[in-house]
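Here's the letter readout for the chains.
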Amino acid sequence: MNTESTFSLQEFILQNNLTNSKIDEYQCILNDEIEYPPFSISGKETKSLIIKKGVFKSLTIDSGDFSYGISIEGGEFKYFQFSGLLHIGESSNKWRIRNPIIKGGTFHNFRIVDCFLTQDFEINGGTFENGIHLTGHVNLQSTFAITGGIFKKPINISRVRLRSTRVNPSVVVISNFELYHDCRINIEGNDVIKIIIGRLSIHQLSQYISIENISIFQLNFSSFDSQISNIFSIKNCNVSNISLSHFNNHGKITFNNISPIEKNVFNNIKFGNFSRSNGNNSRPIEENFSNMLSHSKSITISHSNVGNLDFISCKLENYKLFINSSKLLNIFYTNTTFPEKIEVSPLNNLPQDEILFKLKDIYEQLQTVSSKQGDKNNSINWQAKSQECYEKILSYKNLDWWMLKANKLSNDYRRNWLQGVCFTIISALIFYIPLVLCSDGNFNICVIPSQCSTLESLSYFFKTHFSNFFEFLNPAHKVDFLKIEIQDNLKPLSGFFDFFGRLFIGFGIYQTIQAFRKLGKGGD
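From a predicted model like this one, the values you see are computed outputs, not experimental measurements.

About the criteria used
Residues numbered from 1 in each chain as written. Predicted model: local features only at pLDDT ≥ 70, side-chain atom pairs only at ≥ 80, totals over all residues. Heavy atoms only, no water. Helix = DSSP H or I, 4+ residues; strand = E, 2+ residues; numbered from the N terminus. Buried < 20%, exposed > 50% of the residue type's maximum accessible area, 1.4 Å probe, protein only. Contact = heavy atoms within 4.5 Å. Areas by Shrake-Rupley, 256 points an atom, 1.4 Å probe, with all protein chains shown as cover. Axes fitted to C-alpha atoms, helices over the stretch in contact; angles between N-to-C directions. Parallel < 35°, antiparallel > 145°, perpendicular 65-115°, else oblique. Left-handed = near helix turned anticlockwise from the far one by under 90°. Nonpolar A, V, L, I, M, F, W, Y, C, P; charged D, E, K, R; others polar. Pairing = 2+ DSSP bridges. Salt bridge = Lys/Arg side-chain N within 4 Å of Asp/Glu carboxyl O. 1 Å grid on protein atoms, 1.4 Å probe; cavity = no way out; pocket = protein on both sides within 12 Å on 5 of 7 lines; lining within 4 Å. Points joined across faces, edges and corners; volume = space filled by probe spheres on them. Expected span 1.5 Å × (residues − 1).

(A) Just the overall build of the protein chain, in detail. When helices and strands are tallied, the protein chain shows eight helices and 29 strands. Per-residue burial over the protein chain gives 49% buried out of 524 residues. Look at the contacts in the protein chain between residues 6 or more apart in sequence, and 48% of them connect residues 24 or more apart. On the protein chain, roughly 26100 Å² of surface is accessible, and the fraction owed to carbon and sulfur atoms is 51%.

(B) Molecular detail of the packing of helix 3 (residues 376-393) against helix 4 (residues 399-411). Taken N-terminus to C-terminus, the directions of helix 3 and helix 4 make an angle of 135 degrees; their axes are 9 Å apart at the nearest point. One element, helix 3, and the other, helix 4, form an angle in the oblique class. Here the hand of the crossing between helix 3 and helix 4 comes out left-handed. On helix 4, the residues touching Q387, E388, Y390 and E391 of helix 3 are D400, W401, L404, K405 and K408. Taken together, the residues of the contact of helix 3 with helix 4 sort by class into three nonpolar, one polar and five charged.

(C) Local environment of unusual backbone geometry. For H303, which is not glycine, the phi dihedral falls at a positive 50 degrees. Along the chain, the position of H303 falls in the loop between strand 25 (298-302) and strand 26 (308-312). The residue S325 is not glycine, and still its phi comes out positive at about 50 degrees. Position of S325 among the secondary structure elements: in the loop between strand 27 (320-324) and strand 28 (331-334). Under the relative-accessibility criterion, S325 is labelled partly exposed at 35%.

(D) Quick look at the sheet that holds strand 8 (residues 69-72). Ordered in space as 1-2-5-8, the four strands form an open sheet in which the pairing is mixed. Strands with a single pairing partner mark the edges of an open sheet, and in this sheet they are strand 1 (22-23) and strand 8. Here strand 2 (residues 28-30) pairs with strand 5 (residues 48-51) via three bridges, running parallel. Considered in strand 5, the bridge of L30 is made with I51.

(E) Inspection of the pattern of salt bridges at higher detail. Applying the stated criterion across every chain yields a total of 11 salt bridges. When the shortest N-O distance is used, the salt bridge between K408 and E388 registers 3.3 Å. Note that K408 is positioned in helix 4 and E388 in helix 3, a separation of 20 residues in sequence. Judged by relative accessible area, which is 21%, E388 ranks as partly exposed.

(F) Region of the structure containing empty space enclosed by the protein. What the rule picks out here adds up to two cavities of 30 Å³ or more. Approximately 70 Å³ is the volume attributed to the largest cavity. In terms of lining, the largest cavity is formed by I299, I301, F311, L316, L321, I323, L328, I331, F338, P339 and L366. Of all the secondary-structure elements, those providing two or more residues to the lining of the largest cavity are strand 25 and strand 27. Taken together, the residues of the lining of the largest cavity sort by class into 11 nonpolar, no polar and no charged. Lining the second largest cavity are F177, L179, I185, I187, L200, I202, I209 and I211. Mapped by element, the contributors of at least two residues to the lining of the second largest cavity are strand 18 (170-179), strand 19 (185-188), strand 20 (193-202) and strand 21 (208-212). In terms of residue class, the lining of the second largest cavity is built from eight nonpolar, no polar and no charged.

(G) Highlighting the environment of A515. As for its placement among the helices and strands, A515 is situated in helix 8 (residues 491-516). Each C-alpha atom, one on A515 and one on S410, is 9.7 Å from the other, the two residues being 105 residues apart in sequence. In this view, A515 contacts N411, R414, N416 and W417; residues no more than four positions away in its chain are not counted.

(H) Representation of helix 3 within the structure. In this model helix 3 runs 26 Å from its N-terminal to its C-terminal C-alpha over 18 residues, within 8% of the 26 Å that 1.5 Å per residue would give. What helix 3 keeps buried is the set S379, I380, W382, A384, K385, S386, C389, E391 and I393. As for helix 3, its buried residues are in contact with strand 29 (342-343), helix 2 (352-372) and helix 4.

(I) Highlighting the pairing of strand 10 (residues 80-88). For strand 10, the buried fraction is high: nine of the nine residues fall into the buried class. Pairing analysis gives seven bridges linking strand 7 (residues 59-66) to strand 10, with the strands arranged parallel. Paired with L59 across the two strands is F80, which belongs to strand 10. Of the strand pairs in this sheet, strand 10 and strand 12 (residues 110-117) are connected by six bridges, and their pairing is parallel. Along strand 12, the bridge assignment pairs F82 with I112.

Right, here's the structure in full:
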């Protein structure tokens, strides 16, 4: 941009007799329909800037304290740029109401370049012919909010190519990015552009949002029900916490190759050139993110319909997953592993029965999702977790409790065939040994060691009856397979052990087969 250094705005106002415009050390008001030559204005010249009318070939707001604020309400801007260290608005009252900086006007080229903004920055109106571009070294310490405006092209953050003479990587840091308005956004980092966003809050899902190769501490979707088919794509990003709360998605959200933020994301980045007090002693920017730094990485889905939500090559096992009262049936995932444990609330402030009912519903939905995708292994795991919750809800007086307990003991809800084998053998021994005791008077279990020899009893059992044990494992074995005459008074008792032995062995074999074929055809 070619800025005329000799240009004086005050002289221009006087020479052209602009009666509705003025500039002094406290206030600059531009409210006349006239074409301005290229110029820049800083906080050293005035404490506030209000623009209502005019045609501006090139206007740069460059550094300084605009303590009384900036308000762009109208005018046409061929080129408009914020740069340098800018303090906009009064900082002494932290409870002040945020006043939009951009309320109107037409912008053909709107840029925030090599800029350090210490206060909130809100766009509430205006027409942006070519979107908005943020590039170079940008640090927005407070909230960057878009609550209105007409955006004919996407908002681009660091998608503009940098000059080839730049040696050090460019850095864009946004502490808090809030989106309340329908617009298209592209945020893309790369090898020479590093982008860090503290909190990205989307209160209205726009027509198209694409985020790639950046780091986000908190990504929030909240409190809206958009009927528009929207597309949100986040790819190759490090995200520490994701929250979807009270929103209905009628479009498509895709997470592709998402993992938690690494500890060294800042790498001691400093904005020394923009330090307010001393450019050589600026503090590390990670101090501004201290309230967002957390050892626990989480994904929270609460009271929402996630709609078409895709996870592709995401490392979800590294997150804590909280799901509460949400519809999940249209989730798609591939090359993605979910965490073993799902929780309802990070606060754990719900009654235990309510937590179990909610978890049961979550696991059943995830089982349906996995089953639709043909992921039998995860489908069985989610079903097992659902049954575990149901078992804890029921009382032992309920017959379903006994059924679920038997499934848990026999093959861990179809997840462990080896447990089925062990269950079958142990059940067989439990009934086979009493059957032998009823049938063979020469064999007894040594209860009092002084009266018998345990070693001799075991030796006799293995020599005489162990070979018959394998026949006993066949539920269809003959009644007289022991080939010993049973005493009349013991026949009812031996029949009892034989009958229930067949029953438990048959059940154990069936459960073993069920666990074996869980991944086969019809195993789901």
